[in-house]
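# Reading the structure
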Amino acid sequence: MSKIVSRRRFLIGSAAALGAVGLTGCDDVTQNQSVQKVLALAEGLTMRTQRLLVSPQALAREYTDKDISPNFHPNGTTDPGSEEYAEMVANRFANWKLKVDGMVNQPMEFSLEDLKKLPSRTQITRHDCVEGWSAIGKWTGVPLGLILQSAGLKPGARYAVFYCADELEQTLDGSGRYYESIDLIDAFHPQTILAYSMNGKDLEVAHGAPLRLRVERHLGYKHAKYVMRIEIRDKFNDLWGGNGGFWEDRGYEWYAGI
Ligand SMILES: Nc1nc2c(c(=O)[nH]1)N[C@H]1C(S)=C(S)[C@@H](COP(=O)(O)O)O[C@H]1N2
Ligand SMILES: [Mo]
């Protein structure tokens, strides 16, 4: 317990310090500057921080190319189906932007092209769905920790909330929109990535294009597809059903660790 708390303190402390450094002299941060800033941070610090914070045992098992499942079943939403989303698909997500905001020193926006310029991680992992199936896939994306470090976390930040493009249940109040949340320990885990590629190709619509979360020590429903926005928050009990995610609001555990 005390170990976890001090890890968390350390993470927030270092991220906040970085955010402050990053802020100097730039009021108007363009996307390009966002990219530059992340790149500048990527070297050294991330790796050193993570080595200190995350023990190797905490990694989910990684597999090899020959283990990749020939059929990876798409589940839940397989196409958000809205007009806006159809337009994004039609122009290959050229105008799509990931927003990062909330309790950060510097809100940021990244185009798909921006994200692809950043350091990436590729991992072959097994996805386990509560519905009783598993599949092995190869994922490539940007470590979430890198994005959060560059945005700089404000004191009191505790969770990353992911807002998705799809409404899995049609409701009048919008409570059927898919969302998820993880804590900062999982957010800074080295295998937690924002994936834009699956099995060596651009992420398909069925699997969450243009961007989905991979949070490898958790069950399938935590892996938010169609991520549009990441908000850093100190709580999630004021969102929708109050349980931190679409399925959590329908009875699943928030901590879906495996
Ligand atoms: N936005 C969004 N993300 C989602 C879902 C969804 O319906 N909408 N389903 C979840 C569930 S239950 C699983 S098992 C995985 C399925 O990922 P896949 O379609 O790539 O197999 O996505 C998760 N993320
Ligand atoms: Mo699932």
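Further up the page is the structure itself.
Before going into details, it helps to say that this report is about the structure given with it.

## Brief notes about the site of ligand 1
Near ligand 1 there are 22 residues, and of these His73, Asp166, His207, Arg212 and Lys225 occur at the shortest range. Between ligand 1 and Asp166 there is a distance of 2.7 Å, counted from a nitrogen atom to a side-chain nitrogen or oxygen. The separation between an oxygen atom of ligand 1 and a polar side-chain atom of Lys225 is 2.6 Å. Relative to its free-state accessible area of 530 Å², ligand 1 is covered by the protein chains to the extent of 99%. Residues of the shell around ligand 1, tallied by class, amount to 11 nonpolar, eight polar and three charged.

## Regarding the side chain of Glu248
With respect to the helices, strands and loops of the structure, Glu248 is situated in the segment after strand E10 (227-233). Judged by relative accessible area, Glu248 falls into the buried class, the value being 3%. Within polar-contact distance, the side chain of Glu248 engages the side chain of Lys222 at 3.0 Å. Residue contacts for Glu248: discarding those within four places in its chain leaves Glu180, Tyr221, Lys222, Asn243, Glu253 and Trp254.

## A closer look at the nonpolar core
The biggest cluster of nonpolar side chains holds 48 residues, and the ones touching the most others in it are Leu98, Leu115 and Phe162. If one sorts the elements of this core by residue count, helix H6 (residues 144-151) sits on top with five residues. Formed jointly, this core draws a minimum of three residues from each of two domains, domain 1 (1-54) and domain 2 (60-250). If sequence neighbours within four positions are ignored, Leu115 has contacts with Trp96, Leu98, Phe110, Val142, Ile147, Tyr196 and Leu211. Judged by nonpolar contacts, the second largest core, of nine residues, contains Phe72, Trp133, Trp139 and Ala195.

## Digging into the packing of aromatic side chains
A full pass over the atoms with the stated rule returns 12 aromatic pairs. One aromatic cluster is present, formed by Tyr178, Tyr221, Phe246, Trp247 and Tyr252 through successive ring pairs.

## Here we look at the side chain of Asp166
Among the secondary structure elements, Asp166 is positioned in strand E5 (residues 159-167). Of the side chains with opposite charge, Arg177 comes closest to the buried, unpaired Asp166, at an N-O distance of 6.7 Å. At 2.5 Å, the side chain of Asp166 forms a polar contact with the side chain of Thr77. Every residue in contact with Asp166, bar those within four places of it in the chain, is listed here: Thr77, Pro80, Gly176, Arg177, Tyr178, Lys225 and Tyr226.

About the criteria used
Residues numbered from 1 in each chain as written. Chains lettered and ligands numbered in written order. Predicted model: local features only at pLDDT ≥ 70, side-chain atom pairs only at ≥ 80, totals over all residues. Heavy atoms only, no water. Near = heavy atom within 4 Å. Polar contact = N/O pair within 3.5 Å; in protein donor to acceptor, adjacent residues only side chain to side chain. Areas by Shrake-Rupley, 256 points an atom, 1.4 Å probe, with all protein chains shown as cover. Nonpolar A, V, L, I, M, F, W, Y, C, P; charged D, E, K, R; others polar. Helix = DSSP H or I, 4+ residues; strand = E, 2+ residues; numbered from the N terminus. Buried < 20%, exposed > 50% of the residue type's maximum accessible area, 1.4 Å probe, protein only. Contact = heavy atoms within 4.5 Å. Core = buried A, V, L, I, M, F, W, Y, C linked by side-chain atoms within 4.5 Å. Domains from an automatic or database assignment. Phe/Tyr/Trp six-rings, centres within 6.5 Å; stacked < 30°, edge-to-face > 60°. Lys, Arg positive; Asp, Glu negative; His and termini not counted. Salt bridge = Lys/Arg side-chain N within 4 Å of Asp/Glu carboxyl O.

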